[in-house]
Amino acid sequence: MTKIALMTLGCKLNYAETSTYERGFRSAGLEVVPYKQSADLYLINTCSVTATADQKSRNLIRRVHRTNPEAKIVVTGCSAELRRAEIEKIEGVWKVFGCKEKAQVVPDCLAGLGFPAETVTADAVFGAYSSGERTRSFLKVQDGCDNYCNYCTVPYARGGSRNLPICECVRMAREIAAQGVKEIVLTGVNTGDYGKTTGESFLSLLQALNEVEGIERYRISSIEPNLLSSEIIDWIASGTKFQPHFHIPLQTGSDTLLAAMGRRYTTAFFSGKLAYIRRVLGEGVFFGIDVMVGLPGETPELFEETVAFLRQIRPAFIHVFPYSRRPGTPAADMPGQVDEEEKKRRVAVLEELCLQLHSEFVASQKGTRVSVLFESKEKDGTMGGYSGNYIRVTRPYDPALSGKIVELTL
Ligand code: SF4
């Protein structure tokens, strides 16, 4: 039996796509093995969001070839799209698939291995969801982005904003429910921009998914602030399966830099949005915020503006990224580039602040009644799970509770 090992770098979208390739190879009769084991074929789903991610992708390809010189290597993902020529030259690389060729990955590889060839039409959007985890699944509903923020390579890698029709998303959600999974995390590149290519709305998608039997909870993995409308928030507050947990990219708390980076909101709009959500869904809402430090032009004073703004809006979690200069983006040629040591210092400042804000949020929820979805894994005699508002809870391991939603007081 032909053995294949699959590896993923990068975002939840990549995980959902690799998982979908894996199901395709498995159903064709290949044996899927862990990547530490020797295999005939390795698929590496790459990331190109930062220079480091690109480097990691190339290093992984080289390492796989060094340890398995006979094996065929297939490379997919954003690095394969943006650095195709370089990647095709790396020893051991057999096939490279860009971001618009995802539907060809499995059939082309199978044909190359001598399996009966199957012709596929190049889908505008490759449908995908993650499987293998018994508790939650990442469901891809949208791909690409039309925003071209000045620091970002994603639109160049993944193409324009496009989405799967609602019926296709519902079909995949039903497949996930049939596997006994209770929670779905909606994922995409610019998820809230859903509907660009089908004329359907993001709210209609949420309403259709809310009716899928067997799925008890939904989360939205990330959504741009200007796409999280009060209509959507009011609907979520009307008693649905969508959890009080939002991950919203801010990037910077300085209006000067928001404008310079081509972001589509101001800090006043952003704080107003959070205040509205807290008014409608209560103070127990969990906000995760993406922040990028060291953007070109970020003086120490502008950085302090970001720190002050974060203290004001009190997110429960800050996902901090150091700005990575990406060739071909407008920001790469902007003046006022910040040196790497200073970026590291600013990352450390925000990570410290994140710890403080997170513990304040958890403390503020003490004594509240929540529902926790317990995961199946047992670790040192305990098991863990997340509440609706994304607070991690652990308890003594009880197999009867794995994959179950339990009401409890924090
Ligand atoms: S919205 Fe996000 S994915 Fe799109 S260009 Fe901006 S940062 Fe990149």
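Starting from 1, residues in each chain are numbered consecutively following that chain's sequence as written. Only residues with pLDDT of at least 70 get local features here, since the model is predicted, and only at 80 or more are side-chain atom pairs given and counted; chain-wide, interface and lining totals rely on the full set of residues. Hydrogens and water are ignored here; the side-chain numbers use all heavy atoms of the structure.

Points about the overall build of the protein chain
Strands are runs of DSSP state E lasting at least two residues, helices are runs of H or I lasting at least four, and both sets are numbered from the N terminus onward. When helices and strands are tallied, the protein chain shows 13 helices and 18 strands. In terms of C-alpha radius of gyration, the protein chain reaches 22 Å, essentially the compact-globule figure of 22 Å for 410 residues. Dimensions of the protein chain along its principal axes, counting C-alpha atoms only, are 60 × 55 × 50 Å. Taken across its 410 residues, the protein chain has 54% of its residues classed as buried. Contact criterion: two residues are considered in contact whenever any of their non-hydrogen atoms come within 4.5 Å of each other. In the protein chain, once contacts between residues fewer than 6 apart in sequence are set aside, the share between residues at least 24 apart is 72%. Here the open area of atoms and residues is found with the Shrake-Rupley method and a 1.4 Å probe, where only the protein chains shown may cover a residue. Element-wise, carbon and sulfur atoms account for 53% of the exposed surface of the protein chain, whose accessible area totals about 17700 Å². The positive count covers Lys and Arg only, the negative count covers Asp and Glu only, and His and the chain ends enter neither. One atom stands in for each charge, and that atom is NZ of Lys, CZ of Arg, CG of Asp or CD of Glu. Averaged over its 49 positive side-chain charges, the protein chain has a centre that lies 3 Å from the centre of its 48 negative ones. The quantity called the radius of gyration is restricted to C-alpha atoms. Its globule counterpart is 2.2 Å times the number of residues to the power 0.38. Only protein chains enter the accessibility calculation, which uses a 1.4 Å probe. A residue is then buried if its area is under 20% of the maximum for its type, exposed if over 50%, and partly exposed in between.

Thoughts on the site of the ligand
Near is defined per residue: the residue qualifies when any heavy atom it owns lies within 4 Å of the molecule or strand. Cys145, Asn147, Tyr148, Cys149, Tyr151, Cys152, Val154, Pro155, Val189, Glu224 and Arg263 make up every residue found near the ligand. Split by residue class, the shell around the ligand holds eight nonpolar, one polar and two charged. In this classification, Asp, Glu, Lys and Arg are treated as charged, Ala, Val, Leu, Ile, Met, Phe, Trp, Tyr, Cys and Pro as nonpolar, and every other residue, Gly included, as polar.

Notes on helix H12 (residues 300-313)
Look at H12: 20 Å from first C-alpha to last across 14 residues, which is about the 20 Å you get at 1.5 Å a residue. Listing the buried residues of H12 in full gives Leu302, Phe303, Thr306, Val307, Phe309, Leu310 and Ile313. Down the axis, H12 shows its buried residues gathered within 165° of arc, on one side only. With respect to the buried face of H12, the exposed residues turned more than 90 degrees away are Glu301 and Gln312. Looking at the buried positions of H12, the neighbouring elements they touch are strand E12 (242-251), helix H10 (255-260), helix H11 (267-281), strand E13 (286-293), strand E14 (317-322) and helix H13 (340-364). The first or second residue beyond H12 is Arg314, which carries a positive phi of 50°. For a helix, the expected span equals 1.5 Å multiplied by the residue count minus one. It is the directions from the helix axis to the C-beta atoms whose arc is reported.

Quick look at the sheet that holds E13
The seven strands are arranged E6-E7-E10-E11-E12-E13-E14 in an open sheet whose pairing can be described as mixed. Here the strands that pair on one side only, and so sit at the sheet edges, are strand E6 (128-129) and E14. All axes here are fitted lines through C-alpha atoms, helices being fitted over the stretch that makes contact, and every angle between N-to-C directions spans 0 to 180 degrees. Sitting on the sheet, helix H7 (residues 166-178) touches E6, strand E7 (136-140), strand E10 (183-187) and strand E11 (217-220), and the angle it makes with E7 is about 165°. Here H12 sits on the sheet in contact with E12, E13 and E14, set at roughly 180° to E13. Strands are treated as partners if at least two bridges between them are detected by DSSP.

Observations concerning the environment of Glu81
Within the fold, Glu81 resides in helix H3 (residues 78-82). In this structure Glu81 comes out as partly exposed when scored by relative accessible area, which is 24%. Taking the C-alpha atoms as reference, Glu81 lies 27 Å from Leu227; in sequence the two are 146 residues apart. Apart from the residues within four sequence positions on either side, Glu81 is in contact with Gly98, Cys99, Lys100, Tyr156 and Ala157.

With respect to a positive patch on the surface
Each patch is built from residues that are more than 30% exposed by relative accessible area and take part in no salt bridge. Like charges join if they lie within 9 Å; nonpolar side chains (Val, Leu, Ile, Met, Phe, Trp, Tyr) join within 5 Å. A pairing counts as a salt bridge when a side-chain nitrogen of Lys or Arg comes within 4 Å of a carboxyl oxygen of Asp or Glu. Among the surface-exposed residues, Lys36, Arg62, Arg63 and Arg66 lie close enough to one another that they form a single positively charged patch. By the secondary structure assignment, Arg62 is in helix H2 (residues 51-67). Judged by relative accessible area, which is 37%, Arg62 ranks as partly exposed.

Observations concerning the sheet that holds strand E17 (residues 392-396)
What the four strands build is an open sheet, ordered E17-E16-E15-E18; its pairing is antiparallel. Each edge of the sheet is formed by a strand with only one pairing partner; in this case those strands are E17 and strand E18 (405-409). Neighbouring strand axes in the sheet, compared pairwise and without regard to direction, differ in orientation by 40° on average. Looking at chain direction, strand E15 (residues 369-374) and strand E16 (residues 382-387) are connected through three bridges and run antiparallel. The residue of E16 that forms the bridge with Leu373 is Tyr386.

Focus on the side chain of Arg326
Topologically, Arg326 is positioned in the loop between E14 and H13. According to the relative accessible area criterion, Arg326 is buried, its value standing at 2%. Polar contacts involving the side chain of Arg326 include one to the side chain of Asp54, which spans 2.9 Å. Contacts of Arg326, omitting those with residues within four sequence positions, involve Ser48, Val49, Thr50, Ala51, Asp54, Arg83, Tyr151, Thr153 and Ala332. Whenever two N or O atoms come within 3.5 Å, that pair is a polar contact, provided that in protein one can donate a hydrogen and the other can accept it, and provided that, for residues adjacent in sequence, both atoms are side-chain atoms.

Here's the deal with the packing of aromatic side chains
We describe a pair of aromatic rings using the distance from one ring centre to the other and the angle between the two ring planes. When the centres of two rings from Phe, Tyr and Trp lie within 6.5 Å, Trp using its six-membered ring, the rings pair. Their planes under 30 degrees apart give stacked, over 60 give edge-to-face, and anything left gives tilted. Counting across every chain of the model gives ten aromatic pairs. Look at Phe286 and Tyr390: their rings are 5.3 Å apart centre to centre, the planes differ by 80°, and that puts the pair in the edge-to-face class. In this pair, Phe286 sits in strand E13 while Tyr390 sits in the loop between E16 and E17, placing the two residues 104 residues apart along the sequence. In this arrangement the basic side chain of Lys95 is found over the ring face of Trp94, its NZ or CZ atom lying 4.9 Å from the centre. Cation placement over rings: the criterion is NZ of Lys or CZ of Arg within 6 Å of the ring centroid and within 35° of the ring normal. Directly above the ring of Tyr386 sits Arg392, whose terminal nitrogen or CZ lies 4.8 Å from the centroid.

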